[in-house]
Each structure stands twice: as C-alpha cells, then as structure tokens.
Amino acid sequence: CCCCCCCCYNPFSKHIIIDDDDYDDDDRGYVLTGDLALDWEKLKIVGTCETLEKNYFRLNCAPEPEKVRPQRVLEKTYAMLLDKWKTDKDYPYTNDQFQSMRQDLMIQNIRNEFAVKTYETHARIALECGDMFELFKCLRQLKYLYSIKGEHRTNYAEFMSYKLLYLTLTEHKLDLVPFLRCELTPNDRKNPAVRFALDVYQAVSGGNWVLFFRLYKNAPLLCKPIMDKMADGVRLHALIAAAKGYRMLKVPVSYLTRTLNFETDSACVQFMVECGAALNDDQTELLPKQCTNLHPPEREEEDDEDKVRKGGLRVHSNNS
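Anyway, here's the lowdown on the structure attached to this text. All of these numbers come straight from a predicted model, not from anything done at the bench.

### Here's the deal with the packing of helix α10 (residues 209-217) against helix α11 (residues 223-245)
How two helices sit against one another is set out by the angle between their axes and by the gap between those axes.
Reasoning step 1: Put simply, α10 and α11 touch, their axes get as near as 10 Å, and they point 155° apart. In terms of their interaxial angle, α10 and α11 are classed as roughly antiparallel. Crossing handedness for the pair α10 and α11: left-handed. Contact residues: Trp209, Phe212, Phe213, Leu215, Tyr216 and Lys217 in α10; Lys224, Met227, Asp228, Met230, Ala231, Val234, Arg235, His237, Ala238 and Ala241 in α11.
Reasoning step 2: Grouping the constituent residues of the contact of α10 with α11 by class yields eleven nonpolar, one polar and four charged.

### Thoughts on the nonpolar core
Reasoning step 1: Ranked by internal contacts, the top residues of the largest apolar core, which has 61 residues, are Val200, Phe212 and Ile226.
Reasoning step 2: Setting aside its immediate chain neighbours within four residues, valine 200 contacts Leu165, Phe212, Leu215, Met227 and Met230.
Reasoning step 3: Membership of the second largest hydrophobic core comes to 22 residues, among which are Ala243, Val253, Ala277 and Ala278.

### Overview of the packing of helix α3 (residues 91-107) against helix α4 (residues 113-128)
Reasoning step 1: Here α3 crosses α4 at 155°, and the two axes come no closer than 10 Å. Our classification of the angle between α3 and α4 gives roughly antiparallel. You can see that α3 and α4 cross each other, and the crossing is left-handed. Here Tyr91, Thr94, Asn95, Phe98, Gln99, Met101, Arg102, Leu105 and Met106 of α3 come into contact with α4, specifically with Phe114, Ala115, Thr118, Tyr119, Thr121, His122, Ile125 and Ala126.

### A word on α4
Two residues of an α-helix separated by three or four positions point the same way, owing to the 3.6 residues in each turn.
Reasoning step 1: Compared with the 22 Å implied by 1.5 Å per residue over 16 residues, the 23 Å span of α4 between its first and last C-alpha is a close match.
Reasoning step 2: Most of α4 sits inside the fold, with twelve of its 16 residues counted as buried.
Reasoning step 3: All of the buried residues along α4 are Phe114, Ala115, Val116, Thr118, Tyr119, Glu120, Thr121, His122, Ala123, Ile125, Ala126 and Leu127.
Reasoning step 4: Structurally, α4 contributes buried residues whose contacts are with α2 (71-88), α3, α5 (132-148), α6 (156-170) and α11.
Reasoning step 5: Its side-chain oxygen 3.2 Å from the backbone nitrogen of phenylalanine 114, asparagine 112 forms the N-cap of α4.
Reasoning step 6: Positive phi appears at glycine 130, one or two residues downstream of α4, with a value of about 70°.

Criteria and cut-off values
Residues numbered from 1 in each chain as written. Predicted model: local features only at pLDDT ≥ 70, side-chain atom pairs only at ≥ 80, totals over all residues. Heavy atoms only, no water. Axes fitted to C-alpha atoms, helices over the stretch in contact; angles between N-to-C directions. Helix = DSSP H or I, 4+ residues; strand = E, 2+ residues; numbered from the N terminus. Parallel < 35°, antiparallel > 145°, perpendicular 65-115°, else oblique. Left-handed = near helix turned anticlockwise from the far one by under 90°. Contact = heavy atoms within 4.5 Å. Nonpolar A, V, L, I, M, F, W, Y, C, P; charged D, E, K, R; others polar. Core = buried A, V, L, I, M, F, W, Y, C linked by side-chain atoms within 4.5 Å. Buried < 20%, exposed > 50% of the residue type's maximum accessible area, 1.4 Å probe, protein only. Expected span 1.5 Å × (residues − 1). Polar contact = N/O pair within 3.5 Å; in protein donor to acceptor, adjacent residues only side chain to side chain.

What follows is the structure, encoded as structure tokens:
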C-alpha cells in the first residue's frame, strides 16, 4: 500500500494543494492513494463489524471487512448519533463519527436512501456549527447521489439552496457559473429555498447590502449560518461605499448599526475599528474622509485548517 496523498483544491483559496485530509472520496466512489485508485464497486466489500462507534481514520489501502460496519449497524449508529447530538451537541465527536460512517458507506458502495440521509444529516449538523468545509464535502457527494438515485431527491431543493449560498460565499466562479447555467433547472428556480438563495446571490454580487440584510432576517431552513459567514464581507463593502459616498459628511453610528444589521452601536463600533475606520472622539460618528485604508476585520490568528472550515466572504477593495 502506498501513502495516501490526494491532490485537490482548497475551495476557499482557489489554489491546487496537496493535503492528506481534504477528500476521502470523489464523485465516482474512488479513494485516491498516491497513484492507486480504489474502486469500491469492483472490490465488493461487505462489512462484518458490529461496533457502533468507530473513529475516522484516513485509508491508504482497502480495509478488512471486520473493520467495516454493514448498513444495519450503521443505521443503529445513525440513531445513536442523533440522540447524542440532541443532548450533548459535541461537534468534534459527532463530525468524526459521521465521517467514519460516510467512509463505511463508500467502502461498501452503499448509495441508497440511507446514504443520502446520512450525508444530508451530516451537512445540516456541519451547517449548524459553521463548518463550511465539511458542508462542502457533503454537498459534493450529494450531487452524485442525487444524480444516480432520482427517487431520493426529497430534499434536493434544500441542498441546492445551500450549494448556491456556499458558492456565493466562496466566490468560486469555475463552479458557480456552471451551477447557475446548467445544474439549476427552471423548475428548481421556482422552489422558495432556491429562489431565496438566488436573491442572496444577486444581493451579494450586486453589492446590495440593504437587500442582503433584509433577506437575512427571513432566511429559511439553515441558510442563515452560511449568510453569517458572508455578513462581514457585505458590511465591509457597505462601509467602503459609505466612506466614498459621504466623504465630506459625518455618518452617525446609529444609522450604520441599523444599516449593517448590528444589534448594538458598540458591536458596530467594534467592527469598524477592526476594519480600520476613523471615528470621532466619542465614537458616535464615522469620519469618511479619514477612512483611507479600510480592510477586512483583524481577528485572532487562526491556522490554515480553521480558516478553511470557517470560511468568509472575501473583499478585495480599496476605498482610497
């Protein structure tokens, strides 16, 4: 067996990277291990493991059947994880267990209604916890599962709305353009959740922060966690526009608090200070003329994996 090393792209940086932990499967059901691609359909592995809990580990060769759980055991694991999630809300544990479940499904080439339910549930939990990278991996496989199991598309529109919001967040045009032109059918666009995501996309791409925050207040399903990741970028766009448009005036912080959808003036002030905005002495007014170097909020340093998982709308603007 060779060492496992997948060549794949980081959806946030748009660069090709070599990383052992990014993808454990691709849309066709292969796991790449160096120069070797394992085709689970041909291997026909049937698990015999009876253990409900099993930590996720990255494979570098085909596993023994006694280390893989069959579907009847995975269904018990699924029920157990949902019960634990409702009471404990332990995301690191739950995420690890769902990754392990997904791996066992992939190894045995299980691509039925239960597989769809597993990926959908994992995606929702990842969304609740703001884990955009795990959401990305679930959406990636759901695209394939929906394409081969048309009868299991009950929640298709819900996850298409998440995908569009995710692509809007990451600004990955190589995926976004084909998705809008080819994947979304006229019937899909009539669905309320998809229509909502399209409105958000138009608000973000058009720099319409008023519409964005109006939509945010009425976000359906689990759309709000993805929009939370966009919010600072949208706010910075608005701040830059205010600095340019009101250059000879002073802008009340109370106005910006409402416009940028902050709960309090102090939260709005903190955001503007982190962005390098200039305020008057008592921090009640923005001084646009002195805002010459606005930038994304300065936050505590994170490692690369945290940045990928948390996401955030990029802003490449200068107000000078």
